[in-house]
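Here is how the chains run, residue by residue.
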2 protein chains.
Amino acid sequence: MNNNLIAVFKKIVGETYVLTSKEDLLSYGYDATPGFFHLPATVIIPENTGQVSQVMAIANKEKIPVYVRGAGTNLSAGTVPTQGGIVLLMTRMNRIIEVDTENLVAVAEPGVVVSDLNKIVEQSGLIYPPDPGTVTTATLGGTVAENSGGLRGLKYGVTKHYVMGLEVVLADGRIMNTGGKNVKDVAGYDLTKLFTGAEGTLCVITKIIVKLVPAPETRKSMMAIFNNLDNAGNSIASIIANKIIPATLEIMDNATIRTVEDYAHVGLPVNAEAVLLIEVDGIPAVVEKEAAKVLEVLKANKADEIRVAKDTADRDKIWAARRAALPALAKLRPTTFVEDATVPRSKVPDMIRAINEIAAKYKVRIGTFGHAGDGNMHPTLVCDIRDKEEMERVYKAMDEIFATAIKLGGTLSGEHGIGLGKLRYMEDQFGPVGMEVMRTIKKALDPNGILNPGKLVGEC
Amino acid sequence: MNNNLIAVFKKIVGETYVLTSKEDLLSYGYDATPGFFHLPATVIIPENTGQVSQVMAIANKEKIPVYVRGAGTNLSAGTVPTQGGIVLLMTRMNRIIEVDTENLVAVAEPGVVVSDLNKIVEQSGLIYPPDPGTVTTATLGGTVAENSGGLRGLKYGVTKHYVMGLEVVLADGRIMNTGGKNVKDVAGYDLTKLFTGAEGTLCVITKIIVKLVPAPETRKSMMAIFNNLDNAGNSIASIIANKIIPATLEIMDNATIRTVEDYAHVGLPVNAEAVLLIEVDGIPAVVEKEAAKVLEVLKANKADEIRVAKDTADRDKIWAARRAALPALAKLRPTTFVEDATVPRSKVPDMIRAINEIAAKYKVRIGTFGHAGDGNMHPTLVCDIRDKEEMERVYKAMDEIFATAIKLGGTLSGEHGIGLGKLRYMEDQFGPVGMEVMRTIKKALDPNGILNPGKLVGEC
């Protein structure tokens, strides 16, 4: 990038907020997705919407690619600046502008860390439910752009269910607002939802209005161990069929159980085919009733062992097992791909079985855990990215996992987004017409193709 | 429209499903919005998606406007064929394809009447929550296109919160699918939400996947009478601040109370400034607890009288008063405009007070009732559309009501859509950039401008 432009950007955001040295740029060339790296030409760190608007107007005129970035926890290579250009780092815009307890909304800038927002709203007895695994580092803006989910997705939904309004800067620098604080708002096209989950391909998000909900008064956690996968699957279906929507309903398969036990020694039976981890929340009377019903269902579906948390320490122990799943699997080999292929919840056993078959077929080590209640699985492929022969098998296994999800009526992404990582499967899910429509929208809103080019909808 | 084309359409959908006689066309020239009428050239009634696709391909080639229509209960002139052309009547596509109790979803065609869907899913202990006042006549497709709300919106949201996937036919006849049965699905742009509430300007909806929820086990209804509007307003804010989200939290102002009492003799005190009608629902323990808290809040906020329904008959009596609001107001004068200006819930008293001042200023009779809990008011202007002088005042009052809603951080529509009725205010809410972006999307997806032209985003 030429020095005149750099000087202009420095004038807009301040001398120290434009990075250009190779050492400075290095950390912005990748995110949490293995196998993708590209150095940006510069990193620009704006302080406010006006600065973002000025930067975008110039980038658009000069046709410079712009990659919006928060904490870089992305799992689908969505923030990797694959064509160079500008990384627009939003971490400086990290103000929580308002917590409005009358209307149950918060207004914040994109650089706010999600758990920081929760710390503030908790003081009013409220929660912001989306809770991705990276909640203590991920930024609100990143989770909105990626439409992140989390453990509570079954009962509480994903990020898009909480985004009520946005301020955004368009590709050409124009500023616009969508939505607002109104619980009911059906005027105009739902641009709030269109921009949420658009992975930075349509606009730069500069302000976010989110819905808050009352914090549950209490919760109860349980763990059920199954020597037969189908019994676990039937339990999931039966819990929902009994009209219980737990806050969390997680599964770990045998490969994950073995790995977690080996890593964390939490007392999991290494021969079990599946473990379910369940938490119901709400007011005490409901929690008691729902927990009793869940236990009944688990017994009826032949759970081989059930553990109920009696206190906070017990609860922590149960969830420590679940939290250990990813680090334990990641420790096995140098490279970890956490995928998020998702299926309708009735298909969870089919999906786990298929993943096991695929692992055997391609001799790839895959542990599967995830949000069974909402069908959002995390087949986690561990490997060594330096081993070409192994990686061929890994990518083939991945292809087959996603093809299976789509065949089962599922989706490529329950919560991690598409980015580049899953781009090659998009047409399988959306068909040529769906892809054309998405590209038509992308081209209409970003005619010069500068916003996260090549991602989500591919080149257009 | 020339006879060759009519013959082609008859070949596609069947001889009897293409209407052309003036008597037949007459009923399709208007909807439930006063002051808008235009005769279509023809009414075409397709039986399946393939037929819709064929009709659209021809209409696009010939540049014939197409107005998709269900039951015609629209309140913003959204279905009036203002530029002639084709009314595409979807009532023949009225199959409920599937009720999937494992995944808690239903799949249905757009012509299904909403209450018919509910009758079917109730058999599985489930409900489809959106419940517009027209629930026994409105079609599912119409409510999805308009993003309809209803009495339960506070707790359960509006239609868009339940649409999980769509099959649509694009302006040029191409068929595409969006979303699916996955609770978590963040792949690609959220076209499901973009098309929901697009009022037939972007595509023809031909199949709908909706989310179902467990039916509440029980409910409790209450009525509180206030001689002071602020006390009613404070009660609303305080109920929410106490983390109670009632299923329904309705308000009627003095003008509405007087009219309802005069019409239905349900024992309302005609001097009260406001009546709140509240229903909490869920499992019995929760309902008892929440009802007790609501009563406490009402008393603390100086409700002058509180009535609690002891049984179903009592409950019916309370809701009969609310249901009488619109017919009672409508009976006063020949013409009724039911508007749906919506504000953040904390602004409800300000909004009601402003509407009363506007009514006095323009000497227009306005009764206001509506969904106080979610800020969705229904200022209802009764008048005589044949009286030009009065109508001038009515339209001025309407302009000022919507301007006030926007000034209070509200929206033009909580549940009725924009159509033509509120088109003139759109730029006030969305600004020139917002309007340009919406028109850009419209033009990108419907380059010939044949789908409900001139509505929602105006001419483009």
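Residues numbered from 1 in each chain as written. Chains lettered and ligands numbered in written order. Predicted model: local features only at pLDDT ≥ 70, side-chain atom pairs only at ≥ 80, totals over all residues. Heavy atoms only, no water.

Colleague: So what exactly am I meant to see when it comes to the overall build of chain A here?
Modeller: Assigned secondary structure in chain A consists of 14 helices and 18 strands. In terms of overall size, chain A behaves like a compact globule, its C-alpha atoms giving a radius of gyration of 22 Å where 460 residues would be expected to give roughly 23 Å. Referenced to the eigenvectors of the C-alpha coordinate spread, the extents of chain A come out at roughly 70 × 60 × 40 Å. By residue count, 62% of the 460 residues in chain A fall in the buried class. Considering only intrachain contacts with a sequence separation of at least 6, the fraction spanning at least 24 residues in chain A is 71%. For chain A, the accessible surface area stands at approximately 16200 Å², while carbon and sulfur atoms represent 50% of it. Across chain A, the mean location of the 51 positive side-chain charges is 1 Å away from that of the 54 negative side-chain charges. (Helix = DSSP H or I, 4+ residues; strand = E, 2+ residues; numbered from the N terminus. Rg over C-alpha atoms; globule rule 2.2 N^0.38 Å. Buried < 20%, exposed > 50% of the residue type's maximum accessible area, 1.4 Å probe, protein only. Contact = heavy atoms within 4.5 Å. Areas by Shrake-Rupley, 256 points an atom, 1.4 Å probe, with all protein chains shown as cover. Lys, Arg positive; Asp, Glu negative; His and termini not counted. Charge placed at Lys NZ, Arg CZ, Asp CG, Glu CD.)

Colleague: In this structure, what is going on with a nonpolar patch on the surface? I would like to understand it.
Modeller: On the surface, Leu26, Tyr30 and Phe37 of chain A cluster together into a nonpolar patch covering about 300 Å² of accessible area. Mapped onto the fold, Tyr30 of chain A is located in the loop between α2 (22-26) and β2 (42-44). (Patch = residues over 30% accessible without salt bridge, like charges linked within 9 Å, V, L, I, M, F, W, Y side chains within 5 Å. Salt bridge = Lys/Arg side-chain N within 4 Å of Asp/Glu carboxyl O.)

Colleague: What should I look at first to understand the domain arrangement of chain A in this one?
Modeller: Size of an interface, as often reported, equals the accessible area lost when the parts are brought together. All names here are of chain A. Here chain A is partitioned into domain 1 (3-89), domain 2 (96-214), domain 3 (216-316) and domain 4 (333-448). Computed from C-alpha atoms alone, the centre-to-centre distance between domain 1 and domain 4 is 28 Å. With 10 residues of domain 1 at the contact, the number on the domain 4 side is 12 residues. For the pair domain 1 and domain 4, the summed buried surface comes to about 890 Å²; carbon and sulfur atoms form 64% of the total. Looking only at domain 1, the three residues that lose the most surface to domain 4 are Pro34, Leu75 and Ser76, adding up to 56% of its buried area. At the surface where domain 1 touches domain 4, the tally comes to four residue pairs in polar contact (both at pLDDT 80 or more). (Domains from an automatic or database assignment. Buried area = accessible area lost by both parts, 1.4 Å probe. Polar contact = N/O pair within 3.5 Å; in protein donor to acceptor, adjacent residues only side chain to side chain.)

Colleague: For this particular structure, what's the right way to read the UniProt feature "domain: FAD-binding PCMH-type" (unreviewed entry) in chain A?
Modeller: UniProt tags residues 36-215 of chain A as "domain: FAD-binding PCMH-type" (unreviewed entry). Secondary structure content for residues 36-215 of chain A is 22% helix and 26% strand, while the C-alpha to C-alpha distance between its ends is 39 Å. (UniProt positions renumbered as here; feature names shortened; annotations may be inferred.)

Colleague: Would you take a moment to explain the nonpolar core for this structure?
Modeller: Side chains of a nonpolar character, in soluble globular proteins, are inclined to be buried together. Judged by nonpolar contacts, the single largest core of 189 residues is most densely connected at Leu194 and Phe195 of chain A together with Leu194 and Phe195 of chain B. Setting aside residues no more than four positions away along its own chain, Leu194 of chain A makes contact with Leu202, Ile441 and Leu445 of chain A together with Tyr189, Leu194 and Ile441 of chain B. (Core = buried A, V, L, I, M, F, W, Y, C linked by side-chain atoms within 4.5 Å.)

Colleague: Sorry, what's going on with the relation of the copies chain B and chain A here?
Modeller: What relates the two chain copies is a rotation about an axis together with a slide along it. Under the fitted operation, chain B is carried onto chain A by 0.0 Å of movement along the axis and a turn of 180 degrees, and the coordinates agree to an RMSD of 0.0 Å. Taken together, the turn and the small shift mark the pair as related by a two-fold rotation axis. Looking at chain B, 100% of its interface residues are interface residues in chain A too, so the copies touch through the same face. (Least-squares fit on C-alpha atoms with pLDDT ≥ 70 in both.)

Colleague: Where do I start with the interface of chain B and chain A in this structure?
Modeller: Counting residues at the interface gives 77 residues for chain B, matched by 77 residues for chain A. Interface area for chain B against chain A, summed over the two sides, is near 6300 Å², with a carbon-plus-sulfur share of 64%. In this assembly, chain B and chain A are joined by 30 residue pairs in polar contact (both at pLDDT 80 or more). Listing elements by their share of the side of chain B that touches chain A, those giving two or more residues are β9 (175-179), α7 (191-195), α8 (229-241), α10 (284-300) and α14 (426-445) of chain B. Among the elements that take part in the side of chain B that touches chain A, α14 of chain B stands out by supplying 13 residues, more than any other. Across the side of chain B that touches chain A, the residue classes tally to 35 nonpolar, 25 polar and 17 charged. (Nonpolar A, V, L, I, M, F, W, Y, C, P; charged D, E, K, R; others polar.)

Colleague: What should I look at first to understand helix α1 (residues 3-13) of chain A in this one?
Modeller: Since the α-helix turns once every 3.6 residues, residues separated by three or four places project in the same direction. Residues and elements named next belong to chain A. Taken as a whole, α1 has its buried residues at Leu5, Ile6, Phe9, Ile12 and Val13. Within α1, the buried residues cover an arc of 120 degrees as seen down the axis, which keeps them to one side. α1 presents Asn3, Asn4 and Lys11 as exposed residues on the side facing more than 90 degrees away from its buried surface. Contacts made by the buried residues of α1 are with β1 (18-19), β2, α3 (49-62) and β4 (86-89). Measuring from the backbone nitrogen of Asn4 back to the side-chain oxygen at the start of α1 gives 2.9 Å, which picks out Asn2 as the cap. Just past α1, the residue Gly14 takes up positive phi, approximately 105 degrees. (Arc of directions from axis to C-beta.)

Colleague: What should I look at first to understand the packing of aromatic side chains in this one?
Modeller: Given two aromatic rings, one states the distance between the centres and the angle between the planes to describe the pair. All names here are of chain A. Under the definition given, this model contains eight aromatic pairs over all chains. For the pair Tyr30 and Phe37, a centre-to-centre distance of 6.2 Å together with 35 degrees between the ring planes defines the contact as tilted. For Phe37, a relative accessible area of 47% corresponds to the partly exposed category. Ring centres of Phe337 and Tyr395 lie 6.0 Å apart, and the angle between their planes is 70 degrees; on these two criteria the pair is classed as edge-to-face. Pair noted here: Phe337 is in strand β16 (residues 335-338) and Tyr395 is in helix α13 (residues 388-407), with a separation of 58 residues, a long-range link. Across the ring face of Tyr156, the terminal group of Arg152 is positioned such that the distance to the ring centre comes to 6.0 Å. (Phe/Tyr/Trp six-rings, centres within 6.5 Å; stacked < 30°, edge-to-face > 60°. Lys NZ or Arg CZ within 6 Å of the ring centre and 35° of its normal.)

Colleague: Is there a simple way to explain the pairing of β4 of chain A in this structure?
Modeller: All names here are of chain A. Here β4 shows no split at all, with Ile86 and Leu88 on one side and Val87 and Leu89 on the other all buried. Of the pairings in the sheet, the one linking β2 to β4 comprises three bridges and is parallel in character. Following the sheet pairing, Ile44 is matched in β4 by Leu88. As judged from the four bridges shared by strand β3 (residues 66-69) and β4, these two strands associate in the parallel manner. If you follow Val68 over to β4, its bridge partner there is Leu88. (Pairing = 2+ DSSP bridges.)

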